[in-house]
Amino acid sequence: MIQVYNTMEGRKVDFVPREAGKVAMYVCGPTVYNYIHLGNARPIVVFDTIRRYFKYAGYAVTYVQNFTDVDDKIINRALEEKSSAAAVAEKYIAAYFEDVQELNVLPADVHPRVTEHMPQIIALVEQLLAKGAAYAVNGDVYFAVESFADYGKLSGRDLEDMQAGARVQVGEQKRNPMDFALWKAAKPGEPSWESPWGPGRPGWHIECSVMSREYLGDGFDIHGGGADLIFPHHENEIAQAEAASGCCFARYWLHNGFITVNDEKMSKSLGNFFLLREILEKFPGDVVRFYLLNTHYRSPIDFDDEKLQIAAKSLGRIRNAYALLQELAEQPAAGAQAEASDALRQAAATLREAFAAAMDDDFNTALAIAAIFDFTKAVNTHAAQAEQAAVQEALQLLEALDEVIACIKPRQKGVDDELVGKLMDLLIAVRQQARQRKDWGTADYIRDALKDCGIALEDGAEAVRWKFVE
RNA sequence: GGCGCCAUAGCCAAGCGGUAAGGCAGAGGCCUGCAAAGCCUUUAUUCUCCAGUUCGAUUCUGGAUGGCGCCUCCA
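All of these numbers come straight from a predicted model, not from anything done at the bench. (Residues numbered from 1 in each chain as written. Chains lettered and ligands numbered in written order. Predicted model: local features only at pLDDT ≥ 70, side-chain atom pairs only at ≥ 80, totals over all residues. Heavy atoms only, no water.)

Asks: Which parts of the structure should I look at to understand the environment of Ser267?
Replies: With respect to the helices and strands, the residue Ser267 is situated in the loop between β12 (264–265) and α8 (276–282). Through-space distance from the C-alpha of Ser267 to that of Leu106 is 25 Å; in sequence the pair is 161 residues apart. In contact with Ser267, not counting residues within four places along its chain, are Asn272 and Phe273. (Helix = DSSP H or I, 4+ residues; strand = E, 2+ residues; numbered from the N terminus. Contact = heavy atoms within 4.5 Å.)

Given below as structure tokens:
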């Protein structure tokens, strides 16, 4: 039984899908006015991993992630770049996919965009007006929070407390300061769509209510995003959807913790953010992914280069074991021993169980990865003496788990593997001859020079191994 | 002011009622021409502090201290 921490209930609960064997997930995607930063990358990786685990656990998953492609920030960006809002959105959506592919994130089943759902958005606003949950003023339409009795149920606040807050400003046209825009009248020159209230565009929150219900229906299983979306964004999504339908919007609300820099939230307004692409210039995507998954998704993670270096080192340990298995899986075992085979099989069985138990417990990737480390030790000690079949089983397990955490298998280097392999064989043969002559100078020169090329040599007892290093 | 989260070794990080996983770094050893990789041993009588509940608490309750977040766009 998978348990998830449901923000709505404030505790871990059993996950029971709306429909047996199926999971419908919606994750709030980026507003595309800039390249994504590391903080944006966390929910993308976290929910990608959750989605992958549901698949691993046998569920059929429908995964929807939107793009907010019309918004003040995009309009401003278009002015800065002397471009159009649509072109800005297009540019950063393309960049998003480039960046996120490096993290081994699978595309969603649907990537809906706000601009492609105007009729549905307008229809929902009309419905809310008809129900008395909204009101129109001078081309704007606001949601009336007082009309929705459950307002605040996700974030655990009530209207009176919030109104006491010093930072709430009363909008001139709003009946209640907490009311929020469903539709905003267009200012001259802004992109706009025709509506019963005049030309304008949707408020930020309405899109997610509309698009999630459009593709997943009411009462879908999981709604995810960063913890900063709990209020007001997700609270407002609930208000809009449930005021209209009179029903349940999403069943489980999952929120990831923040990336911090010097223990402060990485955010655009603080200016302490690092673009994903900047980080990817220094570290491979799978290292970044591994780093993100090494902490439970609800805990904060502090960012600095050194932590990424440590992640690279740790991941390397798992990869060495993985490479060992690959190598042994292709070679018939020379002196296979029953005990070694049993030990390896036992370790694999332990890993399979421990991994599932960890992930079942609110997607505890840190614990799941620890189980993999335990397994690597067993691989390193027993695999060389194990039967080929046992080795192959171990390899298959690791590959199956990598379908979930998606960072073990090294990515293609974009080089001609066959050619490199032949050249390496040649260099290694030359070096071996030097070693037989005890010409250590030549042998070390070759090893050092290869290191500079990003290739590490390891002189094993039986064979020389080589690998790419980060 | 309201709501909420966190505090575990040099660093990172699980555990959350039964006597402290894992990684990195460090020390010693094995292996090696030297390395690298790997293996073995070792590194928290103790989980911010103070009360309480309990046979027993890092884990539960109350309080204190420190840090962070949301209430405004934010993942």
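Asks: How do you make sense of the sheet that holds strand β10 (residues 250–256) when you look at a structure like this?
Replies: In a beta sheet, neighbouring strands are held together by backbone hydrogen bonds and run either parallel or antiparallel to one another. Pairing within the open sheet is parallel, and its four strands lie in the order β4-β3-β9-β10. Only two strands of the sheet have a single neighbouring strand rather than two, namely β4 (60–65) and β10. When the angles between neighbouring strand axes are averaged without regard to direction, this sheet yields 20 degrees. One ladder, built from six bridges, connects strand β3 (residues 22–27) with β4; its direction is parallel. Its bridge partner lying in β4, Val27 is registered against Gln65. Against the sheet, helix α6 (residues 206–216) contacts β3, β4 and β9 (220–226), and its axis sits at roughly 160 degrees relative to β3. (Pairing = 2+ DSSP bridges. Axes fitted to C-alpha atoms, helices over the stretch in contact; angles between N-to-C directions.)

Asks: What is the right way to look at the pattern of salt bridges in this model?
Replies: When the charged atoms of two side chains lie near each other, side chains of opposite charge can form a pair. Here the structure, examined in full by the defined rule, presents 37 salt bridges. Among the ionic pairs, Asp228 bridges to Lys265, the shortest N-O distance being 3.1 Å. Taken together, the residues Asp228 in the loop between β9 and α7 (230–245) and Lys265 in strand β12 connect sequence positions 37 residues apart. On the accessibility criterion, Lys265 (31% relative accessible area) is partly exposed. Counted as one network, the salt bridges with shared partners bring together Asp72, Lys184, Lys187, Glu190 and Arg201. (Salt bridge = Lys/Arg side-chain N within 4 Å of Asp/Glu carboxyl O. Buried < 20%, exposed > 50% of the residue type's maximum accessible area, 1.4 Å probe, protein only.)

Asks: I would appreciate a short explanation of the pairing of strand β15 (residues 464–468) in the present structure.
Replies: In terms of strand pairing, strand β14 (residues 455–459) meets β15 through five bridges, oriented antiparallel. Counted as the bridge partner of Ile455 is Phe468 from β15. Between β14 and β15, which pair antiparallel and follow one another directly, the connecting turn spans four residues.

Asks: What's the story with the nonpolar core in this structure? I'm lost.
Replies: Side chains of a nonpolar character, in soluble globular proteins, are inclined to be buried together. Counting residues in each nonpolar core, the largest one holds 93 residues, and the members touching the most others are Leu38, Phe54, Val288, Phe355 and Phe363. Tallying contributions element by element places helix α10 (residues 305–330) first for this core, with 10 residues. A domain split of this core shows at least three residues from each of domain 1 (3–256) and domain 2 (320–405). Excluding anything up to four places from it in sequence, Phe54 contacts Ile2, Phe15, Val23, Met25, Tyr59, Val61, Ile222 and Phe363. Residues Cys28, Met178, Ile238 and Ala239 belong to the second largest nonpolar core, which totals 44 residues. (Core = buried A, V, L, I, M, F, W, Y, C linked by side-chain atoms within 4.5 Å. Domains from an automatic or database assignment.)

Asks: How do you make sense of the environment of Leu457 when you look at a structure like this?
Replies: Considering the arrangement of structural elements, one finds Leu457 in strand β14. Placed 71 residues apart in sequence, Leu457 and Ala386 show a C-alpha to C-alpha distance of 24 Å.

Asks: So what exactly am I meant to see when it comes to the state of the cysteines here?
Replies: Joining two cysteines, a disulfide is a covalent bond between their sulfur atoms. Tallied over the full model, the rule gives zero disulfides. The structure places no disulfide on Cys28, whose sulfur is separated from the nearest cysteine sulfur, that of Cys208, by 3.9 Å. (Disulfide = S-S within 2.5 Å.)

Asks: So what exactly am I meant to see when it comes to the side chain of His37 here?
Replies: Within the secondary structure, His37 is located in the loop between β3 and α1 (38–56). Once residues within four sequence positions are removed from consideration, His37 is found in contact with Met266, Lys268, Phe273, Phe274, Leu275 and Leu276.

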